[in-house]
Amino acid sequence: MELYNPLTIKLLKNKYGFQFAKSFGQNFLTDPEVIDGIAGGAGLGPDDFVLEIGPGIGVLTAEICRRAGKAASIEIDPHMVTVLHDTLAEFDNVHVIEQDVLKTDLKQIIEDEKGSCSHVKVLGNLPYYITTPIIMKLLTEHVPAECIVIMMQKEVAERICAEPGSRTYGALSVTVQYYCEVSMVMEVPRESFMPMPMVDSAVLRLDVRSKPAVEVKDEAMFFRCVKAGFSQRRKTLLNSLMTMGESKERVKAALEEAGIDPKRRAETLSLEEFGRLSDVFVK
Ligand code: SAM
């Protein structure tokens with residue numbers, strides 16, 4: 001069964017009587033090159049355990065099953081889970097779990113499901129309405145994956161990859177780059193999905209760092225500075241950092257001690273500079 005074929009999707013839709021649920025971000029992949037790009041981008045092999053987010057009708061899942069040792073796929077929609085029992089019937093190395101990924105203990109699933117696989121990877125064509133919460137959950141809960149290869153809205157992918165000084169650089173860029181090395185696997189036009197979404201997409205590979213990109217005294221303070229800095233991104237750091245509840249004098253002194261011009265804006269600060277600044281506030 002060629003699951004990426006729009007005719008197959010239509011057949012499944014008629015057979016199981018489901019509708020494409022917009023509320024679950026259901027846009028199914030119809031381009032085999034993209035499926036190959038995601039599986040290939042993760043360099044899957046028999047020693048890999050894959051945690052897949054949002055399998056849908058199983059088009060990427062089937063490819064994961066062919067290449068990886070084992071997989072667990074988390075799907076919220078019970079209609080899709082019924083379809084998956086049919087479309088994945090030929091594979092015995094996947095467990096479909098009907099759950100909301102945001103309410104799931106992903107560490108526990110990995111522990112329970114990975115068996116003898118020695119590498120853990122997270123893959124998915126993400127439901128776009130919760131892309132950022134999923135990424136934040138994976139990173140801040142320290143889900144033990146060595147790499148994450150995920151498709152998302154192109155604009156979000158660009159924000160994640162952005163460098164200091166660029167228009168799209170923000171708290172999301174800093175946070176993801178703090179935890180991961182980020183690379184673009186491929187851009188994906190909207191025509192690669194059924195139904196066709198309103199936006200283009202991109203696949204990113206996030207290689208989780210063994211240590212964060214910068215060493216800081218207090219991670220919570222680092223993220224407080226990042227959040228405050230970008231809370232009013234058109235303002236100078238002197239003004240935006242006051243949202244941390246600090247006086248103007250204290251913010252000015254901290255910036256000067258960190259060697260950062262108080263007139264600069266957060267969007268120009270590197271991760272190292274955010275790190276220096278947060279270390280001063282910890283003092
Ligand atoms: N992987 C399939 C593909 O590429 O064709 C489907 C991708 S579709 C963009 C996103 C999938 O995530 C849908 O199947 C949707 O039902 C599922 N989903 C949406 N919200 C979810 C959640 N909170 N937890 C788990 N799965 C979710």
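These figures come from a predicted structure and were not determined experimentally.

Chemist: Break down helix α6 (residues 131–140) for me, citing the residues and quoting the values.
Modeler: For α6, the set of buried residues is Thr131, Ile134, Ile135, Lys137, Leu138 and Leu139. Positive phi appears at histidine 142, one or two residues downstream of α6, with a value of about 50°.

Chemist: Can you tell me about the nonpolar core, naming the residues and giving the values?
Modeler: A general tendency of soluble globular proteins is for nonpolar side chains to be buried together. In this structure, Leu51, Ile160, Leu241, Phe274, Leu277 and Phe281 are the most contacted members of the largest nonpolar core, which totals 62 residues. Per element, the largest residue contribution to this core is six residues, and it comes from helix α9 (residues 219–231). Both domain 1 (6–208) and domain 2 (219–282) contribute no fewer than three residues apiece to this core. Once residues within four sequence positions are removed from consideration, leucine 241 is found in contact with Cys225, Ala228, Gly229, Val251, Leu255, Leu277 and Phe281.

Chemist: Please give an account of the site of the ligand that cites residues and values.
Modeler: If you check the shell around the ligand, you find 23 residues, and the closest are Leu29, Gly54, Glu75, Asn125 and Tyr129. One of the backbone nitrogen or oxygen atoms of glycine 54 is found 2.8 Å away from a nitrogen atom of the ligand. Here a nitrogen atom of the ligand and a side-chain polar atom of aspartate 100 are 2.9 Å apart. In isolation the ligand has 600 Å² of accessible area, and contact with the protein removes 99% of it. Sorting the residues of the shell around the ligand by element identifies β1 (28–29) and β3 (70–75) as the ones contributing at least two each. Its residues assigned to classes, the shell around the ligand shows twelve nonpolar, seven polar and four charged.

About the criteria used
- Residues numbered from 1 in each chain as written.
- Predicted model: local features only at pLDDT ≥ 70, side-chain atom pairs only at ≥ 80, totals over all residues.
- Heavy atoms only, no water.
- Buried < 20%, exposed > 50% of the residue type's maximum accessible area, 1.4 Å probe, protein only.
- Helix = DSSP H or I, 4+ residues; strand = E, 2+ residues; numbered from the N terminus.
- Core = buried A, V, L, I, M, F, W, Y, C linked by side-chain atoms within 4.5 Å.
- Domains from an automatic or database assignment.
- Contact = heavy atoms within 4.5 Å.
- Near = heavy atom within 4 Å.
- Polar contact = N/O pair within 3.5 Å; in protein donor to acceptor, adjacent residues only side chain to side chain.
- Areas by Shrake-Rupley, 256 points an atom, 1.4 Å probe, with all protein chains shown as cover.
- Nonpolar A, V, L, I, M, F, W, Y, C, P; charged D, E, K, R; others polar.

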